[in-house]
Amino acid sequence: MIKLLSKIHIHPLLWVLIGLAIITAHFRELLMLFVIVFVHEMGHALCAHFFSWRIRRILLLPFGGVAEMEEHGNRPLKEEVLVVLAGPIQHLWMIGLGYGLFSISLISQETLDLFIFQNLMILGFNLLPIWPLDGGKLLFTLFSWRFSFYKSHQFMLTSSIIAIFLFIVGLILINPTQLNLWIIVTFLIYSIALEFKNRHFVLMRFLLERYYGKHRSISMLKPLMVDESVTIQEVLWMFQRGYKHPIIIHKNGRKQPQIDENELLHAYFSEKKTTESIGEVFYSWT
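Values in this document were obtained by computation on a predicted structure and should not be read as measured data.

Engineer: Go over the environment of Leu188, please, and point to the residues and values.
Structural biologist: Of note, Leu188 is situated in helix H9 (residues 179–197). On the accessibility criterion, Leu188 (0% relative accessible area) is buried. For Leu188 and Leu133, which are 55 residues apart along the polypeptide, the C-alpha to C-alpha distance reads 8.5 Å.

Put into structure tokens, the structure is as follows:
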């Protein structure tokens, strides 16, 4: 537990809101918000720790947080879903605790209403399908059940851009003077832009972890049937989370002996064969 606490960092955005809360005499609301955010994020961290994930840091934000891991998409998808949901689910018992404290007269109706409102606000906001919110991460994981890592990441980014655009439109129409929300929107736009800029680096980390890391999470085989003219890079772009891929090459309509995915990863990363077709690499081995 102490090791997890040492990884907690407060994002500058939260410090800005702390300053605004002090200036506007809303320190009680801020303290309550901080506790809720902390419990939310510790839910992610404790669940990840239970599955022995490598946690790099836990960043506290005004609307939740970001638990940065060193797994790079190579953990079982069921684990990823549980780790993502472990944050939002904390709000359910916190709301129950609030009602319990109110029933024994330890808090007032006003405090209970504020506590429930903040819990529901953070819960609902975090489930929006926007990266890096929990909803965006959950959407990425759900896409990964059907599509390759590369396509899933693209679909997630596209969904995030559409969702943040709709959120901005709603904010302009409903409450355009809410400074706190505009600060959060700015952070989300920056996060999406940064993830888009680093999309190829994200894919490389996934493939490198798959090549050098442990493979306990891969329990199912999913052959990839490709023509000999397809490049190694194009085949790697087809790799899907949770599957090990035997590569079956077609030459003149006939199947050739299959290649293990590690051979392909070795050719790409160790032998630097980044532009050759898979047929050229395969036939150079025979």
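Engineer: Explain the pattern of salt bridges to me, using residue names and the numbers behind them.
Structural biologist: Taken as a whole and judged by the stated rule, the model has six salt bridges. With a closest N to O distance of 2.5 Å, Arg241 and Glu80 form a salt bridge. Taken together, the positions of Arg241 in the loop between helix H11 (232–236) and strand S6 (243–244) and Glu80 in helix H4 (residues 77–85) put the pair 161 residues apart, joining distant regions of the chain. Each member of the pair, Arg241 together with Glu80, is buried.

Engineer: Summarise the nonpolar core; cite the residues concerned and give the values.
Structural biologist: Note on soluble globular proteins: their nonpolar side chains tend to be buried together. Grouped together as the largest cluster of nonpolar side chains are 48 residues, with contacts concentrated most on Leu207, Val235, Leu236, Phe239 and Ile247. Counting residues per element, this core draws most heavily on helix H8 (residues 149–174), which supplies seven residues. Other than its neighbours up to four places away in sequence, Phe239 contacts Ser148, Phe149, Phe206, Leu207, Arg210, Leu224, His245, Ile247, Glu261, Leu264 and Leu265. Formed by 26 residues, the second largest nonpolar core is a distinct cluster that contains Ile8, Met32, Trp53 and Ala67.

Engineer: Describe the UniProt feature "transmembrane region" (unreviewed entry) in the protein chain, with residues and values.
Structural biologist: Following the UniProt record, the feature "transmembrane region" (unreviewed entry) maps to residues 12–27, 81–102, 114–133, 154–173 and 179–196 here. Helix makes up 100% of residues 154–173 and strand 0%. Its end C-alpha atoms lie 29 Å apart.

Engineer: How would you sum up helix H10 (residues 199–212)? Please name residues and give values.
Structural biologist: In this model, H10 (14 residues) spans 20 Å end to end at C-alpha, consistent with the 20 Å of a helix rising 1.5 Å per residue. Of the positions making up H10, those classed as buried are Val202, Leu203, Met204, Phe206, Leu207, Glu209, Arg210 and Tyr211. Each element contacted by the buried residues of H10 is listed here: H8, H9, H11, S6 and helix H12 (261–269).

Engineer: Residue-level account of the packing of aromatic side chains, with values.
Structural biologist: As enumerated under the stated definition, the model contains twelve aromatic pairs in all. With centroids separated by 5.2 Å and ring planes inclined at 75 degrees, the aromatic side chains of Phe50 and Phe51 adopt a geometry described as edge-to-face. Overall, Phe51 belongs to the buried group, its relative accessible area being 19%. Taken together, Trp131, Phe140, Phe149 and Phe206 form an aromatic cluster joined through their ring pairs. The positively charged end of Arg199 is found above the aromatic ring belonging to Phe196, 4.0 Å away from the centroid.

Engineer: Can you tell me about empty space enclosed by the protein, naming the residues and giving the values?
Structural biologist: Counting across every chain of the model gives one cavity of 30 Å³ or more. In this structure, the largest cavity spans a volume of roughly 60 Å³. Of all the secondary-structure elements, those providing two or more residues to the lining of the largest cavity are H8 and H10. In terms of residue count, the dominant contributor to the lining of the largest cavity is H8 (four residues).

Rules of the game
Residues numbered from 1 in each chain as written. Predicted model: local features only at pLDDT ≥ 70, side-chain atom pairs only at ≥ 80, totals over all residues. Heavy atoms only, no water. Helix = DSSP H or I, 4+ residues; strand = E, 2+ residues; numbered from the N terminus. Buried < 20%, exposed > 50% of the residue type's maximum accessible area, 1.4 Å probe, protein only. Salt bridge = Lys/Arg side-chain N within 4 Å of Asp/Glu carboxyl O. Core = buried A, V, L, I, M, F, W, Y, C linked by side-chain atoms within 4.5 Å. Contact = heavy atoms within 4.5 Å. UniProt positions renumbered as here; feature names shortened; annotations may be inferred. Expected span 1.5 Å × (residues − 1). Phe/Tyr/Trp six-rings, centres within 6.5 Å; stacked < 30°, edge-to-face > 60°. Lys NZ or Arg CZ within 6 Å of the ring centre and 35° of its normal. 1 Å grid on protein atoms, 1.4 Å probe; cavity = no way out; pocket = protein on both sides within 12 Å on 5 of 7 lines; lining within 4 Å. Points joined across faces, edges and corners; volume = space filled by probe spheres on them.

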